[in-house]
Amino acid sequence: MDFAPTSAPRKAASTKIVIAGGFGVGKTTLVGSVSEIVPLRTEALVTNESEGVDDLAAVPTKATTTVAMDFGRLTLAEDLVLYLFGTPGQRRFWFMWDDLCRGAIGAIVMVDTARLDESFSPLDYFESKGLPFIVAVNQFDGTREYDLDEVAAALALPPEVPIIRVDARDRESAKQALVRVTEYALLRLTQSLTVNAN
Amino acid sequence: MAPDDTRGPDDEPVAPARFVRPYTITAGRTKAAVDLPMEATLRIQPHDASADADLGAGAQRVLDLCDQRSVAEVSALASMPIGVVRVLLGDLVQQGLVRVQATITESSSQDERIELIERTLRGLRSY
């Protein structure tokens, strides 16, 4: 890319956290319960071959379809805005995840204990990219409470990955999930500094 | 994706494959001239009103919407796909009409990352 941003250190004015998980697990609910705006929806174009948007120019007559993402916004300070992006969970959308995860603080993988398999794909992805993530089991009235250790074992989570319960509808609970992933991202960074120093 | 697959990210029905060409608005270009992360926020730069006169309708719409908003918000509010918005915003940046505010990128230092995460944590705890 020819364009180079000014070289003086610039404080980031915005950042993002990715919310991943299977269909109906509560991603948009969680985003909506903490967002200061009603969640918005943005779309990316995909060819039917899921080649990605950049290939559209080469195949202008190919039919395209869209992939939608819902996102919310939290103004954390006068000079800092946090965006939450809910991402489509399926593996065929991975090309978009690279874009979404670039520069992200971390990710929350939301899990429905009735459909654990739907979280495998996001877990694999974040592990492979080295993006800090936590697992949040969405728990609401009427769902059976599983032991978090059991869920972690069923997901074959690395022992250091935090796993929590969340009620996606509850602002405070959703906020706590965001705090946890941010704390974990900070821990990971400061640990890597210690390792480098040794 | 199979042609008859009309499911969205959350398995919600989405519009069937379309044959309009949204990149017409960018004269067929699909690459933005500058790096524009989805969460990057924009600021309109002070400029002569005459500079707006040459803008196409799409670029004008993006310019009108973008101040203090992110690339993703402009896409959502302008009802334009994210890739199209990136090309249009990239042009506006190159023309000096819009400035992209900083985000964390691959080239950010550890210190910059830690500073950002600490600020985020402080903000979240008191949110």
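All of these numbers come straight from a predicted model, not from anything done at the bench.

### A look at the overall build of chain A
Helices and strands together make up the secondary structure of chain A, namely five helices and seven strands. Listed by position from the N terminus, the elements making up chain A come as β-α-β-β-β-α-β-α-β-α-β-α. By sequence separation, contacts in chain A at least 24 residues apart represent 70% of the contacts at least 6 residues apart. On chain A, roughly 8,700 Å² of surface is accessible, and the fraction owed to carbon and sulfur atoms is 52%.

### Some points on the nonpolar core
Burial of nonpolar side chains together is a common tendency in soluble globular proteins. All names here are of chain A. Core analysis: the largest hydrophobic core is formed by 100 residues, its most contacted members being Ile108 and Phe126. Per-element tally for this core: the top contributor is helix H5 (residues 171-197), with nine residues. The residues touching phenylalanine 126, leaving out its near neighbours within four places in the chain, are Val18, Ala20, Cys101, Ala107, Val109, Leu131 and Phe133.

### A closer look at unusual backbone geometry
For A:Ala156, which is not a glycine, the phi torsion comes out positive at approximately 55 degrees. Its place among the elements puts A:Ala156 in the loop between helix H4 (148-154) and strand S7 (163-166). In this structure, B:Ser79 takes a positive phi of about 50 degrees despite not being glycine. Along the chain, B:Ser79 falls in the loop between helix H2 (71-78) and helix H3 (82-94).

### Topic: the packing of H2(B) against H3(B)
Residue and element names in this part refer to chain B. Running from N to C, H2 and H3 cross one another at 115 degrees; their axes reach a closest spacing of 9 Å. By the angle between their directions, the pair H2 and H3 is classed as roughly perpendicular. The crossing of H2 and H3 is right-handed. The residues of H3 that touch H2, namely those facing Val71, Ala72, Val74 and Ser75, are Ile82, Val85, Arg86 and Leu89.

### Describing helix H1 (residues 57-66) of chain B
Two residues of an α-helix separated by three or four positions point the same way, owing to the 3.6 residues in each turn. Residues and elements named next belong to chain B. Within the span of H1, buried status applies to Gly58, Ala59, Val62, Leu63, Leu65 and Cys66. Where H1 is buried, its residues touch strand S1 (42-44), H2, H3 and strand S2 (98-100). Remark: glutamine 68 follows H1 within two positions and exhibits a positive phi of approximately 65 degrees.

### A short note on the packing of aromatic side chains
Overall, the coordinates contain seven aromatic pairs over all chains when judged by the stated rule. Pairwise contacts between aromatic rings join A:Trp97, A:Tyr125, A:Phe126 and A:Phe133 into one cluster.

### Quick look at the pattern of salt bridges
Tallying each qualifying case throughout the model produces 16 salt bridges over all chains. Note that A:Arg73 and B:Glu73 form a salt bridge whose closest N and O atoms lie 3.1 Å from each other. In this pair, A:Arg73 is assigned in strand S3 (residues 64-77) and B:Glu73 in helix H2, connecting two distinct chains. Both residues of the pair, A:Arg73 and B:Glu73, belong to the buried class. Within the structure, one salt-bridge network assembled from shared partners comprises A:Lys11, A:Asp79, B:Glu115 and B:Arg119.

### Observations regarding the side chain of B:Ser108
Residues and elements named next belong to chain B. Note on placement: serine 108 falls in the loop between S2 and helix H4 (110-125). On the basis of relative accessibility, which here comes to 12%, the residue serine 108 falls in the buried class. Leave out the neighbours within four places in its chain, and serine 108 touches Thr103 and Arg113.

### Brief notes about the confidence of the model for chain B
Residue and element names in this part refer to chain B. Scored by pLDDT, chain B comes out at a mean of 84, with 83% of its residues at no less than 70. This stretch, residues 1-13, has a pLDDT under 50; its non-local contacts, to residues over four places away or in other chains, come to 28 contacts. As scored by the predictor, the complex reaches a pTM of 0.85 and an ipTM of 0.85.

### Overview of the packing of H1(B) against H2(B)
Two quantities define a packed helix pair, namely the angle between the helix axes and the distance between the axes. Residues and elements named next belong to chain B. Contact pair H1 / H2: the axes reach a minimum separation of 10 Å and the direction vectors enclose 120 degrees. Taken together, the axes of H1 and H2 lie oblique to each other. Taken as a pair, H1 and H2 cross one another with a handedness that is right-handed. Across from Arg61, Val62, Leu65 and Cys66 in H1, the residues of H2 making contact are Val74, Leu77 and Ala78. By residue class, the composition of the contact of H1 with H2 is six nonpolar, no polar and one charged.

### Here's the deal with the environment of A:Leu193
Tracing the backbone shows A:Leu193 in helix H5. When the C-alpha positions of A:Leu193 and A:Phe93 are compared, they lie 33 Å apart, and in sequence the two are 100 residues distant.

About the cut-offs
Residues numbered from 1 in each chain as written. Chains lettered and ligands numbered in written order. Predicted model: local features only at pLDDT ≥ 70, side-chain atom pairs only at ≥ 80, totals over all residues. Heavy atoms only, no water. Helix = DSSP H or I, 4+ residues; strand = E, 2+ residues; numbered from the N terminus. Contact = heavy atoms within 4.5 Å. Areas by Shrake-Rupley, 256 points an atom, 1.4 Å probe, with all protein chains shown as cover. Core = buried A, V, L, I, M, F, W, Y, C linked by side-chain atoms within 4.5 Å. Buried < 20%, exposed > 50% of the residue type's maximum accessible area, 1.4 Å probe, protein only. Axes fitted to C-alpha atoms, helices over the stretch in contact; angles between N-to-C directions. Parallel < 35°, antiparallel > 145°, perpendicular 65-115°, else oblique. Left-handed = near helix turned anticlockwise from the far one by under 90°. Phe/Tyr/Trp six-rings, centres within 6.5 Å; stacked < 30°, edge-to-face > 60°. Salt bridge = Lys/Arg side-chain N within 4 Å of Asp/Glu carboxyl O. pLDDT = per-residue confidence, 0-100. Nonpolar A, V, L, I, M, F, W, Y, C, P; charged D, E, K, R; others polar.

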